[in-house]
Amino acid sequence: MLPQRMKQVITDNPKKLSDLIDLVNLPSTLREFMGLSQTSRLGCFKRVWSYIKENNLQDPNNKNLVNCDEKLKRILLGKSQVELAELPMLIKLHFPKQQK
Amino acid sequence: MGKFPPSLRGAKLPFNTLMEKSPSQRPPQTSSEKPPYWVTSKKNPKRKPTKIPSEIVPQMPSIPFNSSTLSEAKSLFNQLISTQKKTPFDLKFCNSVLQSFSSTATLQDSIFFLNHMIKTHPSFSPDSSTYNVLLVQACKAQEFSISSVHQVLNYMSSQGFTPNKVSTDVAVRTLCSCGREEDAIELVKNLSGKNLIPDSYTYNFLVRQLVKNRELSTVNSFIKEMREGFDVKPDLVTYTIMIDNVCNRKNLREATRLLGILSEEGYKPDCYVYNTLMKGHCMLNQSGEVLDVYKKMKEEGVEPDLVTYNTLIYGLSKSGRVKEAKKFLGVMAETGHFPDAVTYTSLMNGMCREGDALGALALLGEMEAKGCSPNSCTYNTLLHGLCKARLLDKGIELYKVMQECDMKLETGSYGTFVRALCRHGRVAEAYEVFDYAVESKSLTDVAAYSTLESTLKWLKKAREQGLAV
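None of the values given here were measured: they were computed from a predicted structure.

Cut-offs used in this document
Residues numbered from 1 in each chain as written. Chains lettered and ligands numbered in written order. Predicted model: local features only at pLDDT ≥ 70, side-chain atom pairs only at ≥ 80, totals over all residues. Heavy atoms only, no water. Helix = DSSP H or I, 4+ residues; strand = E, 2+ residues; numbered from the N terminus. Buried < 20%, exposed > 50% of the residue type's maximum accessible area, 1.4 Å probe, protein only. Contact = heavy atoms within 4.5 Å. Areas by Shrake-Rupley, 256 points an atom, 1.4 Å probe, with all protein chains shown as cover. Axes fitted to C-alpha atoms, helices over the stretch in contact; angles between N-to-C directions. Parallel < 35°, antiparallel > 145°, perpendicular 65-115°, else oblique. UniProt positions renumbered as here; feature names shortened; annotations may be inferred. Phe/Tyr/Trp six-rings, centres within 6.5 Å; stacked < 30°, edge-to-face > 60°. pLDDT = per-residue confidence, 0-100. Buried area = accessible area lost by both parts, 1.4 Å probe. Salt bridge = Lys/Arg side-chain N within 4 Å of Asp/Glu carboxyl O. Polar contact = N/O pair within 3.5 Å; in protein donor to acceptor, adjacent residues only side chain to side chain. Nonpolar A, V, L, I, M, F, W, Y, C, P; charged D, E, K, R; others polar. Left-handed = near helix turned anticlockwise from the far one by under 90°.

**What about the overall build of chain B?**
Reasoning step 1: Each helix and strand counted, chain B has 25 helices and 0 strands in total.
Reasoning step 2: Taking all 469 residues of chain B together, 54% fall into the buried category.
Reasoning step 3: Intrachain contacts of chain B at a sequence separation of at least 6 include 69% that bridge at least 24 residues.

**With respect to the overall build of chain A**
Reasoning step 1: Helices and strands together make up the secondary structure of chain A, namely 6 helices and 4 strands.
Reasoning step 2: In sequence order, the secondary structure elements of chain A are arranged as α-α-β-α-β-α-β-α-β-α.
Reasoning step 3: Across the 100 residues in chain A, those meeting the buried criterion constitute 40%.
Reasoning step 4: Taken as a whole, chain A presents about 6,100 Å² of accessible surface, with 50% of it coming from carbon and sulfur.

**So, the packing of helix H10 (residues 181-193) of chain B against helix H12 (residues 216-230) of chain B**
Residues and elements named next belong to chain B.
Reasoning step 1: At a closest axis distance of 11 Å, the pairing of H10 and H12 adopts a crossing angle of 5°. With respect to their mutual orientation, H10 and H12 come out roughly parallel. Contacts between H10 and H12 involve Ile-185, Val-188, Lys-189, Ser-192 and Gly-193 on the former and, on the latter, Thr-218, Phe-222, Glu-225, Met-226 and Phe-230.

**Some details on the UniProt feature "repeat: PPR" (unreviewed entry) in chain B**
Residue and element names in this part refer to chain B.
Reasoning step 1: On the UniProt side, "repeat: PPR" (unreviewed entry) is annotated at positions that read residues 127-163, 235-269, 270-304, 305-339, 340-374, 375-409 and 410-444 here.
Reasoning step 2: Summarising residues 235-269: 74% helix, 0% strand, and an end-to-end C-alpha distance of 11 Å.
Reasoning step 3: Its end C-alpha atoms 11 Å apart, residues 305-339 is made of 74% helix and 0% strand.

**Some thoughts on the packing of aromatic side chains**
Geometrically, a pair of aromatic rings is defined through the distance of the ring centres and the angle of the planes.
Residue and element names in this part refer to chain B.
Reasoning step 1: Under the definition given, this model contains 13 aromatic pairs over all chains.
Reasoning step 2: Ring geometry for Tyr-294 and Tyr-309: centres 6.2 Å apart, planes at 55°, overall tilted. Here Tyr-294 is found in helix H16 (residues 290-300), whereas its partner Tyr-309 is found in helix H17 (residues 306-318), with 15 residues between them in sequence. Grouping residues by exposure puts Tyr-294 and Tyr-309 together as buried.
Reasoning step 3: Each ring, one from Phe-434 and one from Tyr-449, has its centre 6.5 Å from the other, and the planes form 65°; the classification is edge-to-face.

**Examining the side chain of Asn204(B)**
Residues and elements named next belong to chain B.
Reasoning step 1: For Asn-204, the position within the fold is in helix H11 (residues 200-213).
Reasoning step 2: Take Asn-204: its relative accessible area is 4%, and that puts it in the buried class.
Reasoning step 3: Setting aside its immediate chain neighbours within four residues, Asn-204 contacts Asp-235, Val-237, Thr-238 and Ile-241.

**With respect to unusual backbone geometry**
Reasoning step 1: A positive phi angle, close to 60°, is found at Leu77(A), a residue other than glycine.
Reasoning step 2: With respect to the helices, strands and loops of the structure, Leu77(A) is situated in the loop between helix H5 (70-75) and strand E4 (81-83).
Reasoning step 3: Its identity as a non-glycine residue notwithstanding, Lys441(B) has a phi of 60°, on the positive side.

**Focus: the confidence of the model for chain B**
Residue and element names in this part refer to chain B.
Reasoning step 1: Here chain B averages 77 in pLDDT, while 82% of its residues score no lower than 70.
Reasoning step 2: A low-confidence stretch, residues 1-61 (pLDDT under 50), is modelled with 111 contacts involving residues beyond four sequence positions or located in other chains.
Reasoning step 3: Scored as a complex, the prediction yields pTM 0.67 and ipTM 0.83.

**Details of the interface of chain A and chain B**
Reasoning step 1: Each side of the interface is counted separately: chain A has 24 residues, and chain B has 25 residues.
Reasoning step 2: Carbon and sulfur atoms supply 64% of the area buried between chain A and chain B, which totals about 2,200 Å² over both sides.
Reasoning step 3: Put simply, chain A and chain B have 4 salt bridges between them.
Reasoning step 4: In this structure, Lys53(A) and Asp435(B) form a salt bridge, with 2.6 Å as the shortest nitrogen-oxygen distance.
Reasoning step 5: Between the two partners, chain A and chain B, sit 9 residue pairs in polar contact (both at pLDDT 80 or more).
Reasoning step 6: It is helix H4 (residues 41-54) of chain A that provides the largest number of residues to the side of chain A that touches chain B, a total of 6 residues.
Reasoning step 7: Among the residues forming the side of chain A that touches chain B, the class breakdown is 15 nonpolar, 2 polar and 7 charged.

**Some words on the packing of helix H13 (residues 236-248) of chain B against helix H14 (residues 252-264) of chain B**
Residue and element names in this part refer to chain B.
Reasoning step 1: H14 packs onto H13 with a crossing angle of 165° between their chain directions and a minimal axis gap of 9 Å. The orientation of H13 with respect to H14, classified from their angle, is roughly antiparallel. By crossing handedness, the relation of H13 to H14 is classed as left-handed. Two secondary-structure elements touch here, H13 through Leu-236, Tyr-239, Met-242, Ile-243, Val-246 and Cys-247 and H14 through Glu-254, Ala-255, Leu-258, Leu-259, Ile-261 and Leu-262.
Reasoning step 2: Residue composition of the contact of H13 with H14, by class: 11 nonpolar, no polar and 1 charged.

**A closer look at the environment of Asn310(B)**
Residues and elements named next belong to chain B.
Reasoning step 1: Mapped onto the elements, Asn-310 comes out in helix H17.
Reasoning step 2: With a relative accessible area of 0%, Asn-310 lands in the buried category.
Reasoning step 3: Separated by 29 residues in sequence, Asn-310 and Pro-339 place their C-alpha atoms 8.0 Å apart.
Reasoning step 4: Looking at Asn-310, its side chain comes within polar contact range of the side chain of Thr-343, at 2.6 Å.

Here is the structure:
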């Protein structure tokens, strides 16, 4: 069930949702990380987030920070530490808007 | 704080979710999807014939009809009789064979096949349920006319089974379930012309389908034609259905008109009509009016029930008259009605609206002390209220309880909670709430993620302006 307001947004602007769930051909850096050649932005976010959890990459003193390992660094602009709050924006960088 | 939609949603959702838990509550407050109780309850005995085909379905796998060719079906059937002498070869089995075949074959072939079955297996004497199998298939066929339905009905009469009200009901229900309401109207009119007038259940069912799925003018013209052509008049139930749906569409003028007609026709509005009206006022954001409806009810000598009180308390809470709403808790106790989770949740909602989230939390204790167990809706309302009142710590406590009980989060409270966590710089916890929302299937991935993403975007902006942590 989608919230009412979102339903409205989707009917007004189907592009917005499709940006999130459409499968996209991945750039080579991301392909290596995901092990897939195609994924959606949402799928990519969930994969990265579960990767962080699996490998306990959250900073023990401040859970809002992520200490990137080599693999993660490669897809997050080479930063050694990122804030969780930035994560969606950093992932979005790999999914440029498609011009049609 | 000033955001209107979430708080509004917070008010509406609890209501709907709560309804499902208490069937006794249903009639006046449920959305248009659910039939008012009187139809469902009285319907059951009558619906039996309709159900027969579906009961057969589970048996289907035993008789595989891979091809829709008549000759192959015939030979398969012959084979079945010759080999399965020992197994009981009863009516139900034959019906299921027919059902299985007709779902793949054309109607004409199905009729031939039935004839073949009767010929080769003389102990099989089809009854009305057998013909209903054919009828259902004819209604399901994606055609643009109802000629096939008539074909079956004629075939039935030729076999000595005059189509009756049950056949009409079966046909109308099947047609409506396939979205062929227009055909259903045509069929009902045709049959009424042949002196087969639909009974009030069929009639009300069709009206309900029409108000739900078609323009109001279609319904009105159908009612008019039935009244003028065949002297079929809408009854109190019909009017209640219509008022309910009209209110859902926020068409108060039509509701008032219907109410006028209702009394013109000599019907005295009952408790359900009043409840529907109250609900209508709530839906139209004129919650204050519920009190007037209640007064009118009292004047007319109609005894209010639990739903009335719940709607009343909901309406008053929604319009910010919590004090008056609380008074009705006392009135309820006097009249011997026990407040339930809906009552308390509505009240809590009202208190949260006023910013008295702690008071609402206290009410939760009172409620549990009285032996009324809160449901997920109660918790969602409270979570929403606590976060809005900037009592995040209490909110987190509550969320932990919800997690333990595997309760689902609602969109409104999820959003408010995530925003509150982010505002306090507890992004990691917001991520965990996101995980829980997805795991518990409270929201779709997309909805949960969109909320999280937009919240973080907002957080970034706020940080740039030096507003948030």
